[in-house]
Amino acid sequence: VMSPIWLDVEVGGGVSENTLGIGRICAALASCCDSDLGGELAKALQPHPSAAAARAAMALVGEASALLDLGLQSTIVSRLAVTAELAMAARGGVLSGEELLRISAVARSAEKVADRAQGWQEAAPDLATLAGRLPSLGRLADLADDTFDENGDLLDEASAELARLRAEMRKRGAGLRTRIAAMVRETDELGVLQDDYYTVRDGRYVLPVRSSDRRQVAGIVHGSSQTGQTIYIEPTELVEANNKLTIIAGEAKREEHRILAGLSALVAEHGDTIARACTDLAHLDLHFAIARLATRLQANPPTFSSDGRMELRGARHPL
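Quick look at the structure, then. (Residues numbered from 1 in each chain as written. Predicted model: local features only at pLDDT ≥ 70, side-chain atom pairs only at ≥ 80, totals over all residues. Heavy atoms only, no water.)

Turning to the pairing of strand β4 (residues 230-235), a few remarks are in order. Most of β4 is tucked away, with six of its six residues classed as buried. Taking every second residue as pointing to the same face, both faces of β4 are buried, with T230, Y232 and E234 on one and I231, I233 and P235 on the other. The pairing of strand β2 (residues 204-210) with β4 spans four bridges and is antiparallel. The residue bridging V209 from the neighbouring strand is I231, located in β4. (Buried < 20%, exposed > 50% of the residue type's maximum accessible area, 1.4 Å probe, protein only. Helix = DSSP H or I, 4+ residues; strand = E, 2+ residues; numbered from the N terminus. Pairing = 2+ DSSP bridges.)

Restricting attention to buried positions, one finds in helix α7 (residues 125-132) the residues L127, A128, L130 and A131. Buried residues in α7, looked at end-on, bunch into an arc of 160°, giving them a common side. Structurally, α7 contributes buried residues whose contacts are with α4 (51-70), α6 (97-116) and α11 (271-297). (Arc of directions from axis to C-beta. Contact = heavy atoms within 4.5 Å.)

Looking now at the packing of aromatic side chains. What the rule picks out here adds up to one aromatic pair. Judged by centre distance (5.8 Å) and plane angle (75°), the rings of W120 and F288 are edge-to-face. Here W120 is found in the loop between α6 and α7, whereas its partner F288 is found in helix α11, with 168 residues between them in sequence. The class of W120 is buried, set by a relative accessible area of 0%. (Phe/Tyr/Trp six-rings, centres within 6.5 Å; stacked < 30°, edge-to-face > 60°.)

Further remarks concern the nonpolar core. Membership of the largest hydrophobic core comes to 62 residues, with the highest contact counts inside it found for W120, L134, V267, I274 and L284. Within the residue set of this core, elements represented by two or more residues are α2 (22-31), α4, α5 (83-90), α6, α7, α9 (160-188), α10 (239-269) and α11. Top element by residues in this core is α11. It accounts for twelve residues. For V267, the residues in contact, after removing those within four places along its chain, are L86, A89, L95, L100, I103, L140 and I274. (Core = buried A, V, L, I, M, F, W, Y, C linked by side-chain atoms within 4.5 Å.)

With that settled, the discussion passes to the sheet that holds β4. Read from one edge to the other, the open sheet built from four strands follows the order β1-β2-β4-β3, with strand pairing classed as antiparallel. The open sheet has two edge strands with one neighbour each: β1 (199-201) and β3 (219-224). Each neighbouring strand pair of the sheet contributes to a mean axis angle of 50°, computed without reference to strand direction. Note: β3 against β4, four bridges, orientation antiparallel. Residue pairing for β4: I220 is matched across the bridge by E234. (Axes fitted to C-alpha atoms, helices over the stretch in contact; angles between N-to-C directions.)

Put into structure tokens, the structure is as follows:
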């Protein structure tokens, strides 16, 4: 039985690729890949032009099989298709936290595979050489640890200034909540509130006042409910505190943008290196996937005669 990489002899004698079912085999191979780009490579596989090229390809698969048998393979990150993110960064765009985490995952995967490959030299020298080319992307590989949470939101520790501003926001927000909660209790006794709660409109703490009683609460109107029965009023005595909180929140947003812009510029600086890492990881993924599928199919590599021909005695169709 042959996996796609082993169907690398010239198709002749009236045997077509449709007869061999190469497309279906490649689709099965794609499902064995860890990464999206590895799967794309699997689906696009074509027969090699010569026996020599097929032998070289099968040698790499043989090395991957040896690593699998020894338990020395390395898992490759599932998302390697980051072309759009790299293009945006190259244009000077600012990537989101989620997009930067995708880049970080690629960098970390390259780092882990290269580190693991240091033990491949004896069993898989050619794959060790391929993995040895993977770059160390330093700061980008560490983003998931010290810059973002799992959702791609910036951590306070992303910068000293961001930590300071967010701490100030929390302090002022807590003070505002204490003051407006007391105002809810006091105003509710007058019977002018629609509900006994406060809310936030456009980042400002407001009271839900009955439309009919709006004149009894001095302050700035910040809209109304869909029914029109409730008017959201920012009490006059909270305006200055709300202003200060809004100013600090704006400063925090600018600091977040500065951090994202700086990291996006770093991605742009290393864009070509990241792209090459994605390609090398995808090819490694493909070799391991072929080895896994070969094991599943109980496949064996064919041997070629000097003229590049082979005989398949007692062969089973791969499908």
